[in-house]
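One-letter residues, chain by chain:
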Amino acid sequence: MVDPTSDLEEDVDEETAPRCVTCGGPALGVGRRTVTWVDGDDAVHREFCSADCRDEWEDERPWADG
Ligand SMILES: [Zn+2]
């Protein structure tokens, strides 16, 4: 499904923000962290609400150790 507005993050609020992978909270604002990598033909994204949650994430990228 193509949503022409999906790239406009200015309107993101807590209801529509991506979920933090670590704590499940809304990932938005200045503390937001995004990790992106390519898995085969797909771009994979992981969103975090803060640098702390980013640090706690168990790295699932293919080249990560464990
Ligand atoms: Zn979080």
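Residues numbered from 1 in each chain as written. Predicted model: local features only at pLDDT ≥ 70, side-chain atom pairs only at ≥ 80, totals over all residues. Heavy atoms only, no water.

## A few points about the coordination of the zinc ion
Within the protein, Cys 20 (SG), Cys 23 (SG), Cys 49 (SG) and Cys 53 (SG) serve as the donor atoms for the zinc ion, at 2.3 to 2.4 Å. Considering all four donor atoms around the zinc ion, the spread of angles at the metal, 105 to 117 degrees, places the coordination shape in the tetrahedral class. Within one chain, the residues donating to the zinc ion are spaced in sequence as C-x2-C-x25-C-x3-C. Here the residue Cys 23 occupies a position in the segment before strand S1 (33-39), and Cys 53 occupies one in helix H1 (residues 51-56), the gap between them amounting to 30 residues. (Donors = N, O, S within 2.8 Å, 3.2 Å for Na, K, Ca; no water. Tetrahedral: all angles 85-135°; square planar, octahedral: opposite > 155°, others 65-115°. Helix = DSSP H or I, 4+ residues; strand = E, 2+ residues; numbered from the N terminus.)

## Some remarks on the pairing of S1
The pairing of S1 with strand S2 (residues 42-48) spans seven bridges and is classified as antiparallel. Its bridge partner lying in S2, Arg 33 is registered against Phe 48. Hairpin remark: S1 followed by S2, antiparallel, with two residues in the connecting loop; positive phi at Gly 40, about 65 degrees. (Pairing = 2+ DSSP bridges.)

## Focus: the confidence of the model for the protein chain
Mean pLDDT over the protein chain works out to 86, with 82% of the residues at or above the 70 mark. Taken element by element, the predicted model of the protein chain shows its lowest mean pLDDT in S1 (94) and its highest in H1 (97). (pLDDT = per-residue confidence, 0-100.)

## Some details on the side chain of Glu 47
For Glu 47, the position within the fold is in strand S2. Looking at Glu 47, its side chain comes within polar contact range of the side chain of Arg 32, at 2.9 Å. Apart from residues no more than four positions distant in its own chain, Glu 47 is found in contact with Pro 18, Arg 19, Cys 20, Val 21, Ala 27, Arg 32, Arg 33 and Thr 34. (Polar contact = N/O pair within 3.5 Å; in protein donor to acceptor, adjacent residues only side chain to side chain. Contact = heavy atoms within 4.5 Å.)

## Topic: the packing of aromatic side chains
Two measures describe an aromatic ring pair: the distance that separates the ring centres and the angle between the ring planes. Per the stated rule, a full pass over the model turns up two aromatic pairs. Centre to centre, the rings of Trp 37 and Trp 57 are 6.0 Å apart; their planes meet at 35 degrees, and the pair counts as tilted. Residue Trp 37 is found in strand S1, and its partner Trp 57 is found in the segment after H1; the two are separated by 20 residues along the sequence. Grouping residues by exposure puts Trp 37 and Trp 57 together as buried. The rings of Trp 37, Phe 48 and Trp 57 are connected pair by pair, giving a single aromatic cluster. (Phe/Tyr/Trp six-rings, centres within 6.5 Å; stacked < 30°, edge-to-face > 60°. Buried < 20%, exposed > 50% of the residue type's maximum accessible area, 1.4 Å probe, protein only.)

## Things to note about the environment of Glu 15
By the element assignment, Glu 15 lies in the segment before S1. Separated by eleven residues in sequence, Glu 15 and Pro 26 place their C-alpha atoms 7.5 Å apart.

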